[in-house]
Amino acid sequence: MPIYEYLCSQCGRRTSLLVLSRESTEAPRCRACGSAEVARVPSRFATPRSEEARAERLMDPARLGGLDPENPQDAARAVREWGREMGEEGEELEEMAEELAAGGEDADAPADLTDDGMS
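The secondary structure content of the chain amounts to 4 helices and 3 strands. Order of helices (α) and strands (β) in the chain, N terminus to C terminus: β-β-β-α-α-α-α. Taken over 119 residues, the chain has a buried fraction of 17%. Considering only intrachain contacts with a sequence separation of at least 6, the fraction spanning at least 24 residues in the chain is 38%.

And the structure:
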């Protein structure tokens, strides 16, 4: 049972669809807008990386160049990106990012960070 990817001509989003049978007569639809105007596109593939390699990539100075440590929105964006990269997405991470974006401080969070930037 292959998974095919389609590009919607209406909204421009990519949709992945599981095809249960080659003989399926049901036309694929965009999950975002519901349009049937989709075209099959080559699928992307993932290359597995170790946790260490992902952490090194996140701390690459080229990726951190536009990050203003004094800007709460930048901090929230970084937390979301780091969470996605490390596979830690979820409600708790999103709540923490929202708290950062609002400029607040989580009552359970430590007041300062260690030298390596990790709490």
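Another point: the environment of R22. Secondary-structure assignment places R22 in the loop between β2 (14-18) and β3 (38-41). Classification of R22 as exposed rests on a relative accessible area of 76%.

We now examine the packing of helix α1 (residues 51-58) against helix α3 (residues 72-86). When two helices pack together, you describe them by how their axes are tilted relative to each other and by the distance separating the axes. Orientation of α1 relative to α3, taken along the N-to-C sense of each, is 160 degrees, at an axis distance of 10 Å. For the element pair α1 / α3, the angle class is roughly antiparallel. For the crossing formed where α1 meets α3, the hand is right-handed. Here E51, R54, A55, R57 and L58 of α1 lie close against α3, whose contacting residues are E81, W82, E85 and M86.

Another point: the confidence of the model for the chain. On average, residues of the chain score 76 in pLDDT, and 81% of them are at 70 or above. Within the chain, the lowest mean pLDDT, 72, falls on helix α2 (residues 61-64), and the highest, 91, falls on β3.

So, about the sheet that holds β3. Where strands meet in a sheet, backbone hydrogen bonds hold them as pairs that are either parallel or antiparallel. Across the sheet, 3 strands lie side by side as β2-β1-β3; this open sheet has antiparallel pairing. With partners counted over all chains shown, the strands left at the sheet margins are β2 and β3, one partner each. Shown here is a sheet whose adjacent strand axes are inclined to one another by a mean of 40 degrees, direction ignored. Relative to β3, strand β1 (residues 3-8) runs antiparallel, the two sharing 4 bridges. Directly across from E5, in β3, lies its bridge partner V41.

Core analysis: the largest hydrophobic core is formed by 7 residues, namely Y4, Y6, C8, L17, V19, C30 and V38. The leading source of residues in this core is β1, at 3 residues. Ignoring any residue separated from it by four or fewer positions in sequence, one finds C30 in contact with C8, C11, T15, S35 and V38.

Burial along β2 is one-sided: the face carrying T15 and L17 is buried and the face carrying R14, S16 and L18 is not. By the bridge criterion, 5 bridges tie β1 to β2 in an arrangement that is antiparallel. Bridge assignment links Y6 to a residue of β2, and that residue is T15. The loop that links β1 with its antiparallel partner β2 comprises 5 residues; one of these, G12, has a positive phi angle of about 80 degrees.

Cut-offs used in this document
Residues numbered from 1 in each chain as written. Predicted model: local features only at pLDDT ≥ 70, side-chain atom pairs only at ≥ 80, totals over all residues. Heavy atoms only, no water. Helix = DSSP H or I, 4+ residues; strand = E, 2+ residues; numbered from the N terminus. Buried < 20%, exposed > 50% of the residue type's maximum accessible area, 1.4 Å probe, protein only. Contact = heavy atoms within 4.5 Å. Axes fitted to C-alpha atoms, helices over the stretch in contact; angles between N-to-C directions. Parallel < 35°, antiparallel > 145°, perpendicular 65-115°, else oblique. Left-handed = near helix turned anticlockwise from the far one by under 90°. pLDDT = per-residue confidence, 0-100. Pairing = 2+ DSSP bridges. Core = buried A, V, L, I, M, F, W, Y, C linked by side-chain atoms within 4.5 Å.

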